[in-house]
Amino acid sequence: MTSFTSQTFIDRLIQENFKFFTGVPCSLLSGLISYLEEVEDARYIPSVREDSAVGLCAGAYLSGSLPVLLMQNSGLGYCLNAFTSLNLIYRIPVLVIMSWRGQGGKDAPEHIIMGDISQKLLETAGMDYAVLKPENCDQVLETALQKINGEKLPYTLIIEKGLFDERH
Amino acid sequence: MKGTEAFQELLPLLNDEPVVHANGYICRESFNIKDREANFYMIGSMGLASSIGLGVALCKPNRKVIVLDGDGNVLMAMGTLAMIAAQAPKNLVHVVIDNEVYESTGSQRSLSNQVPLEQIAKSSGYREAVRVDKKEEIKPVFEKLMNSTGPSFMLIKVEPCFDPKTGRVTHTPEEITHRFMKSLQPTGNER
Ligand SMILES: Cc1ncc(C[n+]2csc(CCOP(=O)(O)OP(=O)(O)O)c2C)c(N)n1
Ligand SMILES: [Mg+2]
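Basis of the calculations
Residues numbered from 1 in each chain as written. Chains lettered and ligands numbered in written order. Predicted model: local features only at pLDDT ≥ 70, side-chain atom pairs only at ≥ 80, totals over all residues. Heavy atoms only, no water. 1 Å grid on protein atoms, 1.4 Å probe; cavity = no way out; pocket = protein on both sides within 12 Å on 5 of 7 lines; lining within 4 Å. Points joined across faces, edges and corners; volume = space filled by probe spheres on them. Helix = DSSP H or I, 4+ residues; strand = E, 2+ residues; numbered from the N terminus. Nonpolar A, V, L, I, M, F, W, Y, C, P; charged D, E, K, R; others polar. Donors = N, O, S within 2.8 Å, 3.2 Å for Na, K, Ca; no water. Buried < 20%, exposed > 50% of the residue type's maximum accessible area, 1.4 Å probe, protein only.

1. Comments concerning the layout of surface pockets
All names here are of chain B.
Thinking step 1. In this structure, the largest pocket occupies an estimated 310 Å³ of space.
Thinking step 2. The wall of the largest pocket is formed by 23 residues, among which Asn-23, Tyr-25, Ile-26, Glu-103 and Ser-104 lie closest to the centre.
Thinking step 3. Secondary structure elements with two or more residues in the lining of the largest pocket: helix H1 (3–10), helix H2 (25–33), helix H4 (71–76) and strand S5 (101–102).
Thinking step 4. Here the lining of the largest pocket is composed, by residue class, of ten nonpolar, ten polar and three charged.
Thinking step 5. Approximately 180 Å³ is the volume found for the second largest pocket.
Thinking step 6. Of all the elements in the fold, those that place two or more residues in the lining of the second largest pocket are H2 and helix H8 (173–184).
Thinking step 7. With three residues, H2 is the largest single contributor of residues to the lining of the second largest pocket.
Thinking step 8. The class makeup of the residues in the lining of the second largest pocket is six nonpolar, three polar and two charged.

2. Some remarks on the coordination of the magnesium ion (ligand 2)
All names here are of chain B.
Thinking step 1. Of the protein atoms, only Asp-71 (OD), Asn-99 (OD1) and Val-101 (O) coordinate the magnesium ion (ligand 2), at distances of 2.1 Å.
Thinking step 2. Here the donor residues of the magnesium ion (ligand 2) share one chain and are spaced in sequence as D-x27-N-x1-V.
Thinking step 3. Residue classification places Val-101 among the buried residues on the basis of a relative accessible area of 13%.

Everything listed here is a matter of coordinates, which is why it stays silent on function.
What follows is the structure, given as structure tokens:
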């Protein structure tokens, strides 16, 4: 990939047939969401909470669409019941794009604990993830697609600060 | 009217519509009265029947989609009422069995005795929100809402009466996913 931007990444997801996007914003994801609001081949539906977004994505998947959930890792706690008692047992996949606030303990106080435990929580729930980088994007997407289309399970892409442009 | 009577009135009015069920007794009652391939029995994720139903309604605009919800479930995810109102899917009918309690966990009171859920739905922006108290009203009101532009909200006030001997849903969650998805595939006679 020549350049890696919000636009090229979303275009790539659309190419892979992900056209149903929802979530709750995070500044780290603001570039992605503002591009989603412009692009014609995808729809972005604002959700009020991350667990409602999980439900919305499940409905979209059951209807034959491939859904993407954008959220901050602070929303992970809200989602755990939905992931464990809906997605994982019903085999309802979703691609989760989760920003990583509190990485390395350097962030506002409210993000520090969740920043430390987000990945452990996913592991405890038995949910696969990868930290997305421009250089591993192709390989990570291939793994994600295998999880989603093959095993019918959720897959999470973790987004570090600075990976995408921020619009605010 | 008793809760079970509401199900007995309502379920025969269904054709092939997808119906997303709230967790607890609502799944079990519906499953035992009439199991259908197009029933999504949400056995966990309390509160999410409405958002799942919204997702189906948005992605299947040519199918009427029904959410069969409970008062406790609605109260847990009240923000979803705003999402439904904002997206305004014309094909969504949100039916709530309101027994004013969390019947599934031993009939502890909920808040719907003090908080009129149909008024919340209406002021959130549902096109219609109707409260039904009598059994005889279920058929005409449901048929009217099924034939009008949604999203619409039908609150059915009932007395708790669930018989705990009523069995659980016997399909596995994966089977529920599979048959629900199959029932949503285009058949050529969508309306
Ligand atoms: C997150 C969560 N909290 C609590 C429960 C326990 N629980 C299962 S069903 C239920 C009550 C649902 O209430 P309502 O929607 O009014 O349906 P009813 O039981 O009255 O038919 C509760 C509290 C649960 N399953 N999940
Ligand atoms: Mg109740």
